[in-house]
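Chain by chain, the residues:
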Amino acid sequence: MPGGRRDVLGVRIAPALLRFGAALPGRRYRAALSVRNLRAGSCRLCLLPPRRPQFKLIVENPEKPVAPGLQVKAVVEYYPESEEDLEDRLLLLIEEDVVDIPLFGYEAQKFIFCYYCGKFANTCHIRLHN
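For every chain, the first residue of its written sequence is number 1, and the numbers climb from 1 along that sequence. Totals for whole chains, interfaces and linings use all residues, but because this is a predicted model, local features are given only for residues with pLDDT of at least 70 and pairs of side-chain atoms are given and counted only at 80 or more. To obtain the side-chain values, all non-hydrogen atoms of the structure were used and water was disregarded.

Attention now moves to the sheet that holds strand S7 (residues 71–78). The five strands lie next to each other as S1-S2-S4-S7-S6, forming an open sheet whose pairing is antiparallel. Edge positions in the open sheet fall to strand S1 (6–8) and strand S6 (55–59), since each of these has one partner strand only. Between one strand axis and the next, the sheet turns through 20° on average, direction left out of account. Pairing between strands is defined by DSSP: at least two bridges between the two strands are required. For the purposes of this entry, the term helix denotes a DSSP run of H or I that reaches at least four residues, the term strand denotes a run of E that reaches at least two, and both are numbered from the N terminus. All axes are obtained by fitting lines to C-alpha atoms, using only the stretch in contact for helices, and the reported angles, taken between N-to-C directions, cover 0 to 180 degrees.

So, in structure tokens, the structure goes:
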């Protein structure tokens with residue numbers, strides 16, 4: 001699952017976004033997410049769930065600040081109910097700051113088309129709409 005990683009406000013989010021491609025209705029998909037404290041001191045980290053019911057966050061948010069070098073691990077599940085593209089986001093609270101972690105769910109045909117477009121053209125800036 002592409003998405004790389006992102007360093008922001010002294011934490012590393014890996015992957016930087018969660019993309020569920022070629023998703024079929026009625027199936028369940030899972031992706032791991034981690035947030036590591038890169039700061040010299042402890043900091044409070046808290047992941048908040050997405051709004052759409054098709055995405056579900058499974059995490060045990062720590063009650064105490066996270067020590068340097070340690071991480072919070074989570075799993076995001078995706079349950080598409082129909083053939084449609086969905087977007088949502090997780091909110092990551094880092095002390096007083098808020099960072100978005102994008103979530104994308106693509107139906108099977110559109111994801112495959114965009115993947116091959118990107119493979120042959122090196123970039124894919126096409127967004128398909130019904």
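What follows covers the environment of Leu33. Among the structural elements, Leu33 can be located in strand S4 (residues 29–37). The buried label goes to any residue with under 20% of its type's maximum accessible area, the exposed label to any with over 50%, and the partly exposed label to all in between, with areas taken from a 1.4 Å probe on protein chains only. On the accessibility criterion, Leu33 (3% relative accessible area) is buried. Once the C-alpha coordinates of Leu33 and Leu18 are considered, the two residues, 15 residues apart in sequence, prove to be 8.2 Å apart. In this analysis, two residues are considered to be in contact whenever any of their non-hydrogen atoms come within 4.5 Å of each other. Dropping the residues within four chain positions of it, Leu33 is found in contact with Ile13, Ala14, Pro15, Leu47, Val72, Lys73, Ala74, Leu90 and Ile101.

Turning our eyes to something else, we now look at the packing of aromatic side chains. Two rings belonging to Phe, Tyr or Trp (six-membered ring only in the last case) form a pair when the distance between their centres is within 6.5 Å. Interplanar angles under 30 degrees mark stacking, angles over 60 mark edge-to-face geometry, and anything in between is tilted. Inspection of the entire model under this criterion finds four aromatic pairs. Look at Phe55 and Tyr78: their rings are 4.7 Å apart centre to centre, the planes differ by 25°, and that puts the pair in the stacked class. A residue pair is termed long-range when its members are at least 10 positions apart, and Phe55 in strand S6 and Tyr78 in strand S7 qualify at 23 residues. Across this residue pair, the class does not change: Phe55 and Tyr78 are buried. Considering the side-chain rings of Phe104 and Tyr106, the 6.1 Å spacing of their centres and the 0° angle between planes classify their relative orientation as stacked. Since its relative accessible area comes to 17%, Phe104 is described here as buried. Taken together, the ring pairs in this structure connect Phe20, Phe55 and Tyr78 into an aromatic cluster.

Only one rule defines a salt bridge in this text: a Lys or Arg side-chain nitrogen within 4 Å of an Asp or Glu carboxyl oxygen. Summed over all chains, the structure comprises five salt bridges. Here Glu77 and Arg28 are joined by a salt bridge, their closest N and O atoms 3.9 Å apart. Taken as a pair, Glu77 in strand S7 and Arg28 in the loop between strand S3 (18–23) and S4 lie far apart in primary sequence, 49 residues in all. For Glu77, a relative accessible area of 3% gives the class buried.

A separate point is the confidence of the model for the protein. Confidence of the predictor in every single residue is expressed as pLDDT, which spans 0 to 100. Confidence in the prediction of the protein, expressed as mean pLDDT, is 86, and 81% of residues score 70 or more. Per-residue pLDDT stays below 50 along residues 121–130; that stretch engages in 16 contacts with residues further than four places along the chain or on separate chains.

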